[in-house]
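Descriptive structure summary
Here is how the chains run, residue by residue.
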Amino acid sequence: MAVDKIRVLIVDDIAETRENVRKLLQFESDVDVTGTARSGKEGIQLAQELDPDVVLMDINMPDIDGISATEVIREKSPHIQVVILSVQGDPNYMRRAMLAGARDFLTKPPMGDELISAIRRAGEMAHTERAKGSQQRLGAASSVGAPISMSNLAPISKGKIITVYSPKGGTGCTTIAVNLAIALNNEDTRTALVDANLQFGDVAVFVNEQGKNTILELAPRVDELEVEVVEEILVKHEASGIRILAAPQRPEMAEKVSADQFTKVLQFLQRMYAYVVVDTSPILTDVILSTIDISDVIVLVTTQEIPAIKNARLFLDLSQTMGIDKQRIVFAMNRYDKRIAITPERVSENLKHEVTVTLPLDEKVVITAVNRGIPFMLDNKSQPIGRGIFSLAEAVRARLATIETESEAPAARR
Ligand SMILES: Nc1ncnc2c1ncn2[C@@H]1O[C@H](COP(=O)(O)OP(=O)(O)OP(=O)(O)O)[C@@H](O)[C@H]1O
Ligand SMILES: [Mg+2]
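Okay, so let's go over this structure. The structure displayed is predicted, hence computed values, not measured ones. (Residues numbered from 1 in each chain as written. Chains lettered and ligands numbered in written order. Predicted model: local features only at pLDDT ≥ 70, side-chain atom pairs only at ≥ 80, totals over all residues. Heavy atoms only, no water.)

1. Here we look at the packing of helix α2 (residues 40–50) against helix α3 (residues 66–76)
Look at α2 against α3: their axes get within 9 Å of each other, and the N-to-C directions meet at 15°. Put simply, α2 runs roughly parallel to α3. By crossing handedness, the relation of α2 to α3 is classed as right-handed. For the pair α2 and α3, contact is made by G40, G43, I44, A47 and Q48 and by A69, V72, I73 and K76, respectively. A breakdown of the residues in the contact of α2 with α3 according to their chemical character gives five nonpolar, three polar and one charged. (Axes fitted to C-alpha atoms, helices over the stretch in contact; angles between N-to-C directions. Helix = DSSP H or I, 4+ residues; strand = E, 2+ residues; numbered from the N terminus. Parallel < 35°, antiparallel > 145°, perpendicular 65-115°, else oblique. Left-handed = near helix turned anticlockwise from the far one by under 90°. Contact = heavy atoms within 4.5 Å. Nonpolar A, V, L, I, M, F, W, Y, C, P; charged D, E, K, R; others polar.)

Written as structure tokens, this is what we have:
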């Protein structure tokens, strides 16, 4: 008896993702991609027309999101098995996906063999369900389809908190935080930018999004946050795609947000976004200390000026007392001018902490960007300052990877 091929429908709004998944599957003799859909709506329609065995479903899509689409498809055709592909390994999403009747949950981009074995498992299930269905057309449809077991699921990865801090004012923290967030943000690593300078935060001004929601909308409800509510409150920066949580509009409002509330918000965002970039003020308020404490990486910013370097040294000392591993601090030198004798090498040696990245002085590009409210990573990213931000993003990713492997090492030895 010839083995039935597993017929797959791909639902994703990004053409590139659909193509990549199709390519991953093209050499599997037992898998047949029967169709692709660009939205939840189209997915539902094609699922009915093509009657596939397995639907590979994205979550974030323009009209109907992947979770609602899953629910509809499973209700209409309970034998169809849905495998969710999501950029976020968010346990909340995962739970909702399971409740909607998804069979499996993989984080994007999926590894080839991880995807194929998920499809085979789901395909087998679909074939069994189909056979069962034709035997007994009666029975409650909704009870069909085994629930997914947690062990089937890809491991959940939590987003990373990256805090940009300088113990000296005016060194370029906000400039770096805003542009770094834009550099880190892409389809697979959604990024949120949070302003922890609660008194005089100016992140919203840097991206020309003043006067909208702020942290004040979230702080009172930290114990009952929901993804949909948070998504509503975050400001969408259309030009770059990042999400922004702005500081209160007036300095006297700052005290309405406690350190506990602030860190709870960050930890919630961590479940929704791959990266949460935080801008800070030099003053170590409770909010900023707690933020530093829970950060995966701290970008410490200095310039070539002695007061900035002196303060960086003091902060490095303090971070040791706080028990922050040196690895977590990526040291960056901003406004770097090679005509000045205080070189990154000298500072590295002096402070016994390597300056990993230098960002050149470029008043024309940087100040114009701030005044127009258009970050230079949007329209000037090929300039040296833009390339500097890209290397910073790379350095941060590399550091996160090192920290991760080192923390996994003891577990692997078990
Ligand atoms: N690489 C650079 N080259 C030239 N100018 C820069 C550079 N980085 C920042 N600036 C300028 O320096 C000033 C301070 O930058 P920014 O506001 O980002 O610093 P900050 O550390 O966030 O300051 P604050 O302590 O006020 O929060 C701004 O006018 C900005 O345009
Ligand atoms: Mg600032």
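2. Describing the pattern of salt bridges
Side chains that differ in charge, positive against negative, can pair when their charged atoms come close. Evaluated as defined, the whole model comprises 21 salt bridges. Taking the shortest distance from any N to any O, the salt bridge between R38 and E42 comes out at 3.2 Å. Here R96 ties to E228 by a salt bridge, and the two come within 3.4 Å at their closest N and O atoms. Taken together, the residues span a long stretch of sequence, with R96 in helix α4 (residues 91–99) and E228 in helix α8 (residues 227–233) at a distance of 132 residues. Relative accessible area serves as the criterion here: at 39%, E228 is assigned to the partly exposed category. Among the charged side chains, a network of salt bridges with common partners joins D12, D58, K108, E187 and R190. (Salt bridge = Lys/Arg side-chain N within 4 Å of Asp/Glu carboxyl O. Buried < 20%, exposed > 50% of the residue type's maximum accessible area, 1.4 Å probe, protein only.)

3. What to know about the environment of L351
Inspection of the secondary structure puts L351 in helix α12 (residues 344–351). Accessibility expressed as a relative area gives 10% for L351, which makes it buried. Measuring from C-alpha to C-alpha, the distance between L351 and A312 comes to 8.3 Å, with 39 residues separating the pair along the chain. Excluding residues within four positions of it along the chain, L351 makes contact with I309, A312, R313, L316 and F331.

4. A look at the site of ligand 1
Neighbouring ligand 1 are 18 residues, the closest being G170, C173, T174, T175 and R335. In this structure, N334 approaches ligand 1 through a side-chain N or O atom, which is 2.9 Å from a nitrogen atom. Relative to its unbound accessible surface of 620 Å², ligand 1 loses 82% to contact with the protein. Residues of the shell around ligand 1, tallied by class, amount to eight nonpolar, seven polar and three charged. (Near = heavy atom within 4 Å. Polar contact = N/O pair within 3.5 Å; in protein donor to acceptor, adjacent residues only side chain to side chain. Areas by Shrake-Rupley, 256 points an atom, 1.4 Å probe, with all protein chains shown as cover.)

5. Remarks on the sheet that holds strand β2 (residues 31–37)
Ordered in space as β2-β1-β3-β4-β5, the five strands form an open sheet in which the pairing is parallel. The sheet is open, and its two borders are formed by β2 and β5 (104–107), each paired with just one other strand. Neighbouring strand axes in the sheet, compared pairwise and without regard to direction, differ in orientation by 25° on average. Note: strand β1 (residues 6–11) against strand β3 (residues 54–58), four bridges, orientation parallel. Each residue of the ladder has a partner; that of I10, found in β3, is L56. The strands that helix α1 (residues 15–25) touches are β1, β2, β3 and β4 (81–86); relative to β2, the one it contacts most, it runs at about 170°. (Pairing = 2+ DSSP bridges.)

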